[in-house]
Amino acid sequence: VGHCHPDIVKAAHEQNQLLNTNSRYLHDNLVDYAERLSRTLPEKLSRFYFLNSGSEANDLALRLARQYTKHEDVIVLDHAYHGHLTSLIDISPYKFRNLDGQKEWVHVAPVPDTYRGLYREDHEDSVTAYANEVKNIIEQAHKRGRKIAAFFVESLPSVGGQIIPPAGYFQKVAEHVHKAGGVFIADEIQVGFGRVGKHFWAFQLQGEDFIPDIVTMGKPIGNGHPVACVATTKEIAEAFAATGVEYFNTFGGNPVSCAIGLAVLDVIEKEQLQAHATEVGNFLMKLLKEQKNKHPIIGDVR
């Protein structure tokens, strides 16, 4: 919402003057914030965990998926980056290829890139073809006695080249993953919070009928303040709680972080930033496409 936005600075300052404490102490801001976030998401995603960073959020998403499914393996897209913790370097081909390589429990699917990928715009059904790549990975894993816990994907793969997956791809992949007893995790850390303009969440670009099992948030959520979140279903949260090992995060969901999170949502709404993103985005795309028509060297605009 912009550098040092006065509303955000004010919210942080006012809450700082009253109380900041760890999340073992109940505070209204935590509940109010979870409630406000839930209004932006499909009803099914009704349980929230607050943390300090996108990496923490993705690590927790991994734990939730494994606890719920009782499986270990993860499918990711090629070139993906999901964070800097050890668990996330392991599921980030962008990183692990330069480090210790691919772990046995990690499976890499091709990026659904219809411009430069395996199946392109001229393919009769690139959506099914890309989804079938995931299906094949699952079948191969099963032959080796491996079980899939999650398909972990950025709703718009960024490090892979700002890829916009063809609509319907997530639905088809989710079908294969659910059939294998896994869950679908949408990483919205870079692309959530109205940044895609048309929708509040990038996964919604896939269509109204698509709902992930877990959504992770970071970066824009606190406008530079360290706050992040994992949203999931009642079933997954209950399976996680059933371990008896409660999830605790000293600073995650503290009163100041939640006050800032609430203020960010207020500003997005008040200043109509989602509509602004659509308008400016469309304007920019129109001009860049004009350049594309003029210059053969420009192959694609994203």
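Just so it is clear, the structure is predicted and the values come from calculations on it, not from any experiment.

**Some details on the packing of helix α3 (residues 54-69) against helix α8 (residues 234-241)**
Working step 1: The interhelical angle for the contact between α3 and α8, taken along N-to-C directions, is 85°, at an axis separation of 9 Å. As summarised for this structure, α3 and α8 are arranged roughly perpendicular, according to the angle between their axes. Contacts from Leu60, Arg63, Leu64, Gln67 and Tyr68 of α3 reach α8 at Glu235, Ile236, Ala239 and Phe240.
Working step 2: When the residues that make up the contact of α3 with α8 are grouped by side-chain class, the tally is six nonpolar, one polar and two charged.

**What about the packing of aromatic side chains?**
Working step 1: Applying the stated criterion to the full structure yields 14 aromatic pairs.
Working step 2: Arranged with centres 6.0 Å apart and planes meeting at 75°, the rings of Tyr81 and Tyr94 form a pair that is edge-to-face. Highlighted residues: Tyr81 in the loop between β2 (73-77) and α4 (86-89) and Tyr94 in helix α5 (residues 93-96), separated in sequence by 13 residues.
Working step 3: Residue class for Tyr81 comes out partly exposed when judged on its relative accessible area of 26%.
Working step 4: Taking relative accessible area as the criterion, Tyr94 reaches 44% and is therefore assigned partly exposed.
Working step 5: Here a set of aromatic residues connected by ring pairs shows up, and it is made of Phe151, Tyr169, Phe170, Phe184, Phe203 and Phe210.
Working step 6: Above the ring of Phe248, the side-chain terminus of Arg24 is found at 3.9 Å from the ring centroid.
Working step 7: For the cation-ring pair, Arg66 lies above Trp105, with the distance from its terminal atom to the ring centre recorded as 4.4 Å.

**Regarding the environment of Met285**
Working step 1: Tracing the backbone shows Met285 in helix α10 (residues 273-294).
Working step 2: Counting along the chain gives 16 residues from Met285 to Val301, while the straight-line C-alpha distance between them is 7.3 Å.

**Focus on the environment of Asp266**
Working step 1: Note on placement: Asp266 falls in helix α9 (residues 255-270).
Working step 2: According to the relative accessible area criterion, Asp266 is partly exposed, its value standing at 39%.
Working step 3: Put simply, Asp266 and Asp59 are 207 residues apart on the chain and 28 Å apart in space, counted from C-alpha to C-alpha.

**With respect to the domain arrangement of the protein**
Working step 1: When its domains are assigned, the protein resolves into domain 1 (6-271) and domain 2 (274-301).
Working step 2: Put simply, the middle of domain 1 and the middle of domain 2, counted by C-alpha atoms, are 28 Å apart.
Working step 3: Contacts between the two partners involve eight residues from domain 1, matched on the other side by five residues from domain 2.
Working step 4: Summed over both sides, the interface between domain 1 and domain 2 buries roughly 540 Å², with carbon and sulfur atoms accounting for 52% of that surface.
Working step 5: The tally of links between domain 1 and domain 2 comes to zero salt bridges.
Working step 6: Across the domain 1-domain 2 interface, the total number found is three residue pairs in polar contact (both at pLDDT 80 or more).

**Observations concerning the state of the cysteines**
Working step 1: In the structure shown here, the tally under the stated rule is zero disulfides.
Working step 2: With no disulfide of its own, Cys229 lies closest to Cys258 among cysteine sulfurs, the gap being 9.0 Å.
Working step 3: Its relative accessible area of 0% is what places Cys229 among the buried residues.
Working step 4: Cys258 gets classed as buried once you look at its relative accessible area, which sits at 0%.

Procedures and definitions
Residues numbered from 1 in each chain as written. Predicted model: local features only at pLDDT ≥ 70, side-chain atom pairs only at ≥ 80, totals over all residues. Heavy atoms only, no water. Axes fitted to C-alpha atoms, helices over the stretch in contact; angles between N-to-C directions. Helix = DSSP H or I, 4+ residues; strand = E, 2+ residues; numbered from the N terminus. Parallel < 35°, antiparallel > 145°, perpendicular 65-115°, else oblique. Contact = heavy atoms within 4.5 Å. Nonpolar A, V, L, I, M, F, W, Y, C, P; charged D, E, K, R; others polar. Phe/Tyr/Trp six-rings, centres within 6.5 Å; stacked < 30°, edge-to-face > 60°. Buried < 20%, exposed > 50% of the residue type's maximum accessible area, 1.4 Å probe, protein only. Lys NZ or Arg CZ within 6 Å of the ring centre and 35° of its normal. Domains from an automatic or database assignment. Buried area = accessible area lost by both parts, 1.4 Å probe. Salt bridge = Lys/Arg side-chain N within 4 Å of Asp/Glu carboxyl O. Polar contact = N/O pair within 3.5 Å; in protein donor to acceptor, adjacent residues only side chain to side chain. Disulfide = S-S within 2.5 Å.

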